[in-house]
Structure formats: structure tokens, C-alpha cells
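# Tertiary structure, described
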Amino acid sequence: MADKQGGDDIPRRKSSFLAKRSSSASALSIIGGLAIWEFCGRFLVKNSLFLATPSQVVEEIIELARTGELGIHVWASAQEFVIGLSIAIVLGIAIGFVMASSRIGEQVFGPWVTALYATPTVAISPLIILWAGIGVWSKAIVVIINSIFPMIINTDAGLRATDKHLIDAARCFGASRLQIFWKVSLPSAIPFVLAGLKLAVGRGLVAVVVAELFGSRAGLGYLLVQAAEVFNMPRLFAAVVILAVTGIVLTALVGRLERFLLPWRFVGQESK
Amino acid sequence: MAKLEIVNVSKSFGSLEVLRDINLRIEDHEFVAIVGPSGCGKTTLLRTIAGIETPDRGTILVDGRAIDKPGADRGFVFQQDSLFPWRTVWQNTIFGLEISGRIDEETKKRTRELLRLVGLAGFENYYPTQLSGGMRQRVNIARALAINPEVLIMDEPFSALDAQTREVMQLELLRIWLQGRKTVLFITHQIDEAVFLADRVVVLGRRPGRIKEIVPIDLPRPREFGIKRDLQFIAYVDRVWSLIENDVHDSVREDAVALN
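Anyway, here's the lowdown on the structure attached to this text. On a predicted model such as this, the values are computed, not experimentally measured, just so you know.

Rules behind the numbers
Residues numbered from 1 in each chain as written. Chains lettered and ligands numbered in written order. Predicted model: local features only at pLDDT ≥ 70, side-chain atom pairs only at ≥ 80, totals over all residues. Heavy atoms only, no water. Buried < 20%, exposed > 50% of the residue type's maximum accessible area, 1.4 Å probe, protein only. Helix = DSSP H or I, 4+ residues; strand = E, 2+ residues; numbered from the N terminus. Pairing = 2+ DSSP bridges. Core = buried A, V, L, I, M, F, W, Y, C linked by side-chain atoms within 4.5 Å. Contact = heavy atoms within 4.5 Å. Axes fitted to C-alpha atoms, helices over the stretch in contact; angles between N-to-C directions. Parallel < 35°, antiparallel > 145°, perpendicular 65-115°, else oblique. Nonpolar A, V, L, I, M, F, W, Y, C, P; charged D, E, K, R; others polar.

## Observations regarding the pairing of strand β3 (residues 31–35) of chain B
Residues and elements named next belong to chain B. Among the five residues that make up β3, five are buried, leaving the element largely enclosed by the rest of the structure. Residues of β3 alternate between two faces, with Phe31, Ala33 and Val35 on one and Val32 and Ile34 on the opposite face, all of them buried. Pairing analysis gives five bridges linking β3 to strand β8 (residues 183–188), with the strands arranged parallel. Residue pairing across strands places Val32 opposite Leu185, the latter belonging to β8.

Structure (C-alpha cells):
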């Protein structure tokens, strides 16, 4: 049947050729950057108080891992981050949902969200640490107040942006309000929520480190500030590199989640 | 008894009278097309028949029963943006059955047959973004037929398609329709499409939307493309066009004024 229809019925597929080429380009870019960095560290900036080379950084990371220090710091930061981000996600989606679905909800939360979203909330982390101490929870709270806003705003926007035609179509098939929410509004909001999650992850990571700078006993931010105080450049760079890698890994994880939850957005571009 | 009956339906939005005294009886197995210029209240009439808009006066009857809310006795085909992008062809097609909780082995089997009928066997796991406009409209038709409705209501289903695909789909629709001969109400702004498909063409006037005339189309079935060059066909198109010509000019003029 379908093959008789001619041009009208040829399914569209995007090629994965471009994707492969661009991934080898990024690999080259990273290797090139590291090479330039190593070169500068060895031959241009002789003073080891200003710059550590990639090879020194790698050695330092191995050393930190060997003594078990790395594990302690990563674990401390990870706990703060995961607790804070989880609460921000659950609470953020819930508040976003309330704002999108009730007028009163929007009036109650709206002004706070608008006011606080644009405020650089990391700046008040010293205050939070003063209130909540230097343990895990003060950092978790800093993560929450930084990560929750993109979650709220995107959930709210996503639920509101549901295509009216789709809602009408569902209504014509006799869908109830609840069915419209579960089968139309929610799935169409998921791309927005995931975009919010990406922002939340980035903001949360910054929040953990900044909060640790202001007062902590362990964590990657603590490692960073300790190294800076004694001008231990390899260690300082080691902390920075670990954070950068964490950022990349987390972004990739959200990307995986996107592919899992939104398969229809990725059809045709097969994974590498 | 008529399959679908529209009795004295009137509707206003504030001071704007959109529909005035619409009366239309559509018999079982009949294919009726509605044409009219923009502003003739096609959309409002459709939403009223769907049961998501309540008329100020009058009633809509399906098989003699007055309707007041959406139901599985009416199946809808919309323009192509009404497929759910996150659902596969199969999941889109069974949407109506899912809503009314009627998914079982038998309805699944029927749905598979429907997909074969509309020419989409083998495409069950594709997403709408992977399909061409013509294929998406086939899914749309299958989705409406899957609930096995009494009346199939189609709202300008081919208007977003390019001219060639539209012609192919008109022929496809007639082929599908001849299989089950559902009662069809087909809304379009394309006169030749209306004449080609329908047993009767209802011409709506604008401001307020009202029935100007009902033109019976006495052309033999099954119809092929060639019929569009037939003198009788052309005479029907001319007749319908002459009925709405002034209204169309008015609506174009209004659009121009609105732009300035």
C-alpha cells in the first residue's frame, strides 16, 4: 500500500553523519586545548605559583585518590548536591504545577518566584551558613534556593504552553480534565521540565562549591579553598578539573534522561 | 431517522452573532460537505457538534438522541497539528479507545486492520515527526475511525497539505469511505474538494453564519480524478462558487481593511 503512494509517503530520517563528525571535532578541540595548556605551563609560565600543567594535575588527582582524600571530598559535595537537587526538583515541579493550574496558586507564588529568580541567591549563602551551620544541610539549602527556580518556571511554562489544538482534540475524544492533564499537558511539558533540570543541575553545582567556600569541613569547594591558601596550584587545578568533569558527566546524564523520556525528539538520529 | 441532525442551532459570542438557525439533516451513509468563506462560523458549528460548545438555541441529535458532551459516537479528524508528537502512530491511533477505556484484543485487532486500510501497516512504531503530511492525515483518519463512531466529522483535514498530496488524499478518503460508508460531515473551504467528495454540498453564508443553499451533487461513484474535468463537475463548482462569491469578496476586503 504505502509504496504505491509515491513521494507523499517517504518517511523522513536524519543522517547521523554530521553528529559523528562533530563529536570527533570536539575530541580534537579538547586534546588541542590540553596540549596548549601543557605547553604554556612548561615553557611560557615558569612560575608554578600561577599555573599547573595538565600532567601535574593528573598526578595530583591520582595522589588525592590514593590517600583517600578525594573520596572524602567528592562524597561530601555529592551528598549536599544530591539532597539539595532532589528537593529542588520535587518541590519545584509541585510549585510549578500549582502555579499553572490555579489562579490563586499563581498569585501566591508568582511574585516570589519572579523576585527571587533574578536575585543571585548564591550571594546569600554566607547567611544560610550562619543560620544552618557548616554541615550538609546548609549547602543543601543553598542548592535548593538556586536550583528550584528554573524547575518552577519551566514546569509552569511547559504546562501552560500545551498546544490548544491538542487539548481540543483530546476533549473531542471525550477526555476528562484529569485525562487531559496526564495524557496531554504533562507529556507536552516534559521537554520544558528537562530544560529546567539542565539549568538546575548547573546552578546546583555552582551553589555547592560557592557554599563550601564560605564554610565547610569537607567537599570540593573546601579542597579548592585549602589549596588556594597554600598556593598549591596542582591541587587547586585538580579540584577545578574534577568539577568540570562532574559538570560534563551530569549534563550527559540529563541528555540520557532526555533520550529516554523524549524518544520522539531523537528519532532518526541514531545514538553513537 | 437522520444519523446526524442539526436543529435550529444559533450561537452568539457577546454581540457577535456567529450562527443563525442552522438546520441540517444528514442521513446514514451520506457524505455531506460544508463550504463557506472565513467568518461563516464553520469552527463554531464543529465545536458545537463535538459537544465542547453549547448552542444558545437548538439541538444536535445523533441517531435521534440529543448530545450535550463529547462522545464516542462522533469521530473527529483535524488538521495535521493535532497528532500527539510523543505518541507513535499506534499510540495515536488508539488514543480514543484509551480515553474511553475500550482497549481489548478485539479493538486492537480492528485498529490494526484500520491502519492497514489507511495504508500505514508497518509504520506503527513511527513518530509523527517521521511522517510526511499525507501520512499524518492518514493517522488522523485512523484515530477517528478507531473508536468506531456513528459519524465522522472532518475539519479541513487536507488544507495544510500541498496541492498534489491533497488530491491523492481526497481519492484515498473516498476509497476508505467506500469500505465502511460511515456518515461523514466534511468541512472545507475548497469548493472543488467539496464537490468531488460529497453527496450534498452545504453552502454557508457569513455574518451571521447561516445555510444559504444545499446543492445535491449527482455524480456517479466511485469517482476518479478525471471527473474534475467533467462539464457537470465544473458546473457544480461554478454554482457553489457563485453562491459564496460575494461573501468571499467581503471577507477578503475586511481582511485588507484590518491590515491597514
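Further notes follow.
## Details of unusual backbone geometry
Residue and element names in this part refer to chain B. Residues Arg221 and Pro222 are joined by a peptide bond in cis, for which omega reads -5°. Here Pro222 lies in the loop between β10 (210–216) and α8 (231–259). Phi is positive for Asp21, which is not a glycine, with a value near 45°. On the secondary structure map, Asp21 appears in strand β2 (residues 16–26). For Asp21, a relative accessible area of 42% gives the class partly exposed. At His29, a position not held by glycine, the phi torsion is positive, near 65°.

## Here's the deal with the nonpolar core
In this structure, Phe31(B), Ile141(B), Phe186(B), Val195(B) and Val201(B) are the most contacted members of the largest nonpolar core, which totals 83 residues. For this core, the element with the most residues is helix α8 (residues 177–214) of chain A, which contributes 11 residues. Here Phe31(B) is in contact with Leu173(B), Leu174(B), Trp177(B), Val184(B), Phe186(B), Leu197(B), Ala198(B), Asp199(B), Arg200(B) and Arg221(B), once residues within four sequence places are set aside. In this structure, Cys172(A), Val9(B), Val32(B) and Val62(B) belong to the second largest nonpolar core, which totals 29 residues.

## Structural notes on the packing of helix α3 (residues 69–101) of chain A against helix α9 (residues 220–229) of chain A
Residues and elements named next belong to chain A. Orientation of α3 relative to α9, taken along the N-to-C sense of each, is 130°, at an axis distance of 7 Å. When the interaxial angle is binned, α3 and α9 end up oblique. In this structure, α3 uses His73, Val74 and Ser77 to contact α9, whose residues at the interface are Leu220, Tyr222 and Leu223. Its residues assigned to classes, the contact of α3 with α9 shows four nonpolar, two polar and no charged.

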